[in-house]
Amino acid sequence: MSARQARIVHISIERNWRDVYDFAAKPENMALWASGLGSGLEADGENWAAHGPLGSVRVKFAPENDFGVMDHVVTMESGLDVHNALRVVPNGDGAEVMFTLLRLPDVSDEQFEADFRWVLKDLNTLKKRLEHSEDNNHGTEGR
């Protein structure tokens, strides 16, 4: 199989990279900013389950780490594994968040663009939540 088309969806967040990672990497917080996972994730053994716009899916996350890696594999109802590369990296006092969007088989140009916009909307939700939270530690405790 040849390499798939990829687009990097990127946003800057004016918040310490570790705060961004600690909030965003917590599966319990993902429904607060990642709309594709519906109303949230439920623990399911070592993995997580979600029911939302993508149907019922299983999600396996990279272990907690000091490198800002939040990769996860989403297993669709069809059995297709979608590998999602998600990173938070330091940038001065702030952070850069990058998601690698891979074009799946049989996805049209229009759908690939819509997927890009969807991820960008979710990253903007994350940005707003972390830059404008009343409590500067909101959602980061307990990680």
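What you are looking at is a predicted structure, and each value in this text was computed from that prediction instead of being measured.

1. Remarks on the overall build of the chain
Tallying secondary structure elements over the chain gives two helices and seven strands in all. Of the regular secondary structure in the chain, the N- to C-terminal order runs β-α-β-β-β-β-β-β-α. By the compact-globule yardstick of 15 Å for 143 residues, the chain fits well, its C-alpha radius of gyration being 15 Å. Expressed as lengths along the three principal axes of its C-alpha atoms, the size of the chain is roughly 40 × 30 × 25 Å. Within the chain, buried positions represent 40% of all 143 residues. Restricting to contacts in the chain with at least 6 residues of sequence separation, those with at least 24 account for 51%. With an accessible surface of roughly 8100 Å², the chain has 51% of that area assigned to carbon and sulfur atoms. Positive and negative side-chain charges in the chain, numbering 15 and 24 respectively, have mean positions lying 2 Å apart.

2. Things to note about the pairing of strand 6 (residues 81-91)
The sheet contact formed by strand 5 (residues 72-75) and strand 6 spans four bridges and is antiparallel. In the strand pairing of strand 6, histidine 72 is matched with asparagine 84. Counted between consecutive antiparallel strands, the loop separating strand 5 from strand 6 contains five residues, among which glycine 79 sits at a positive phi close to 100 degrees. Hairpin connection between strand 6 and strand 7 (residues 94-102): a loop of two residues separates the two successive antiparallel strands, and glycine 92 in this loop has a positive phi of roughly 60 degrees.

3. Let's talk about the packing of aromatic side chains
Geometrically, a pair of aromatic rings is defined through the distance of the ring centres and the angle of the planes. All chains considered together, the criterion is met by zero aromatic pairs. Between the NZ or CZ atom of arginine 7 and the centre of the ring of phenylalanine 116, over which it lies, the distance is 3.6 Å.

4. Quick word on the environment of serine 35
Here serine 35 lies in the loop between helix 1 (17-24) and strand 2 (41-44). In this structure, the C-alpha to C-alpha distance between serine 35 and lysine 121, residues 86 residues apart in sequence, is 8.9 Å. For serine 35, the contacting residues outside a window of four places in its chain are Pro53, Trp118, Lys121 and Asp122. Separated by 3.2 Å, the side chains of serine 35 and lysine 121 make a polar contact. A distance of 2.8 Å separates the side chain of serine 35 from the side chain of aspartate 122, its partner in a polar contact.

5. Focus: the sheet that holds strand 1 (residues 6-13)
If you walk across this open sheet you meet the seven strands as 1-7-6-5-4-3-2, and the pairing is antiparallel. Of all strands in the sheet, those with a lone pairing partner are strand 1 and strand 2, marking the two edges. The average undirected angle you get between the axes of adjacent strands in this sheet is 25 degrees. For strand 1 and strand 7, the ladder comprises eight bridges, and the chain directions are antiparallel. For isoleucine 11, the partnering residue across the bridge sits in strand 7 and is valine 97. Along the sheet face, helix 1 touches strand 1, strand 6 and strand 7 and points at about 155 degrees away from the line of strand 6. Of the strands in this sheet, strand 1 and strand 7 touch helix 2 (residues 109-131), which is tilted by about 15 degrees from strand 1.

The rules behind the values
- Residues numbered from 1 in each chain as written.
- Predicted model: local features only at pLDDT ≥ 70, side-chain atom pairs only at ≥ 80, totals over all residues.
- Heavy atoms only, no water.
- Helix = DSSP H or I, 4+ residues; strand = E, 2+ residues; numbered from the N terminus.
- Rg over C-alpha atoms; globule rule 2.2 N^0.38 Å.
- Buried < 20%, exposed > 50% of the residue type's maximum accessible area, 1.4 Å probe, protein only.
- Contact = heavy atoms within 4.5 Å.
- Areas by Shrake-Rupley, 256 points an atom, 1.4 Å probe, with all protein chains shown as cover.
- Lys, Arg positive; Asp, Glu negative; His and termini not counted.
- Charge placed at Lys NZ, Arg CZ, Asp CG, Glu CD.
- Pairing = 2+ DSSP bridges.
- Phe/Tyr/Trp six-rings, centres within 6.5 Å; stacked < 30°, edge-to-face > 60°.
- Lys NZ or Arg CZ within 6 Å of the ring centre and 35° of its normal.
- Polar contact = N/O pair within 3.5 Å; in protein donor to acceptor, adjacent residues only side chain to side chain.
- Axes fitted to C-alpha atoms, helices over the stretch in contact; angles between N-to-C directions.

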